[in-house]
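Inside the fold
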Amino acid sequence: MACRLIRVAGRRSFWRLQTARFAVSMPASSAKPIASFLRSSLEDNEEEIRELVSEYSKHRPSPLSMKQLTDFGRTATELQSFNFLRHEMPVRLASTMQEIDLLPAHLTQTRSVSIVKNWYRQSFKDMMQFTDSASVDRGAAKWYSTVWK
């Protein structure tokens with residue numbers, strides 16, 4: 001995720017801090033330290049995400065037929081669904097992210113592919129909060145409140 005500082009036209013002491021998720025204008029004295037912090041934390045986080053994606057992409061997704069999927073939907077409890085998805089979703093997201101990275105360079109550098117990659121990266125990061133849930137019940141409750149908003 002890029003973090004950019006852009007000078008606001010016509011206002012010498014104001015800068016616009018912009019990331020993929022938000023943009024805000026503020027005095028230069030505030031914008032520069034915040035941008036520096038965001039860049040450093042995002043860079044560290046991106047390396048960690050790359051390592052996790054690499055690790056999860058080594059696993060094979062569970063093959064599911066439509067019949068298995070509908071049977072599971074009819075008989076499984078919310079907790080069983082949560083336990084299956086908290087392991088399966090990161091594997092599938094990581095595999096797709098790796099496949100996107102294998103596209104030809106002229107495609108991966110386009111804006112549309114960059115947007116899709118960021119969506120996958122954000123979804124993967126969101127899923128990571130459920131993989132190591134200390135309390136499965138609390139994790140399942142958080143999962144359902146997040147997914148079904």
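Position numbers for residues start from 1 in each chain and track the written sequence from start to end. Given that this is a predicted model, residues contribute local features only at a pLDDT of at least 70 and side-chain atom pairs are listed and counted only at 80 or more, while totals for whole chains, interfaces and linings are drawn from all residues. Derived side-chain values reflect all non-hydrogen atoms in the structure, with water molecules and hydrogen atoms excluded from consideration.

Side note on the overall build of the chain
Here is the rule we go by: Here a helix means four or more residues in a row that DSSP labels H or I, a strand means two or more in a row labelled E, and each is numbered from the N terminus. When a residue's accessible area, from a 1.4 Å probe over protein chains only, is under 20% of the maximum for its type it is buried; when over 50% it is exposed; and in between it is partly exposed. Any two residues having at least one pair of non-hydrogen atoms within 4.5 Å are treated as being in contact.
The helix and strand inventory of the chain stands at 6 helices and 3 strands. Every one of the 149 residues in the chain was classed for burial, and the buried ones make up 28%. Contacts in the chain between residues at least 24 apart in sequence constitute 53% of all its contacts with a sequence separation of at least 6.

Concerning helix α3 (residues 78-101)
Going by this rule: Helix span is expected to be 1.5 Å times the residue number reduced by one. Bend, at a single residue, is the angle you get between axes fitted to the 7 residues ending at that residue and the 7 residues starting at it.
Its 24 residues place the ends of α3 34 Å apart at the C-alpha level, agreeing with the 34 Å of an ideal helix rising 1.5 Å per residue. The largest bend in α3 amounts to roughly 30° and is located at L85.

Section: the layout of surface pockets
Counted only if it meets this: Cavity and pocket criteria rest on a 1 Å grid covering protein atoms alone: a 1.4 Å probe that fits but cannot get out defines a cavity, protein on both sides within 12 Å along at least 5 of 7 lines defines an open pocket, and an atom within 4 Å of a point defines a lining residue. Grid points are joined across faces, edges and corners, and a volume is the space filled by probe spheres set on the points. Residue polarity follows a fixed list, in which Ala, Val, Leu, Ile, Met, Phe, Trp, Tyr, Cys and Pro are nonpolar, Asp, Glu, Lys and Arg are charged, and the others, Gly among them, are polar.
In this structure, the second largest pocket spans a volume of roughly 260 Å³. Lining the second largest pocket are 11 residues; nearest its centre among them are R50, M97, D101, K117 and R121. At the level of secondary structure, the elements contributing two or more residues to the lining of the second largest pocket comprise α1 (28-57), α3 and α5 (111-131). Split into classes, the residues belonging to the lining of the second largest pocket amount to 5 nonpolar, 1 polar and 5 charged.

A short note on the nonpolar core
Worth spelling out the cut-off: By convention a nonpolar core is built from buried Ala, Val, Leu, Ile, Met, Phe, Trp, Tyr and Cys residues, the set being connected through side-chain atoms within 4.5 Å.
By size, the foremost hydrophobic cluster in this structure holds 10 residues: I49, V53, Y56, V91, L93, A94, M97, F124, M127 and M128. At the level of elements, α1, α3 and α5 are the ones that each hand at least two residues to this core. Examining the composition of this core, we find that 4 residues originate from one element, α3, more than from any other. Beyond its immediate sequence surroundings of up to four residues, L93 is in contact with Y120, S123, F124 and M127.

A closer look at the packing of aromatic side chains
Aromatic rings considered in pairs are described by the distance between their centres and by the relative angle of their planes. Rules: Each Phe, Tyr or Trp ring (for Trp, its six-membered ring) is paired with any other whose centre lies within 6.5 Å, and the angle between the two planes then decides the class: stacked below 30 degrees, edge-to-face above 60, tilted in between.
A complete count under the given rule lists 2 aromatic pairs for this structure. Between Y56 and F124 the ring centres are 5.8 Å apart and the planes differ by 80°, which places this aromatic pair in the edge-to-face class. Placement of Y56 in helix α1 and of F124 in helix α5 is noted, with a sequence separation of 68 residues between them. Taking relative accessible area as the criterion, Y56 reaches 17% and is therefore assigned buried. Residue classification places F124 among the buried residues on the basis of a relative accessible area of 0%. Here the aromatic rings of F72 and F84 are separated by 5.8 Å at their centres, their planes lie at 55°, and the arrangement is tilted. Here F84 lies in helix α3 and F72 lies in helix α2 (residues 66-75), a separation of 12 residues in the sequence. By relative accessible area, F72 is classed as partly exposed at 33%.

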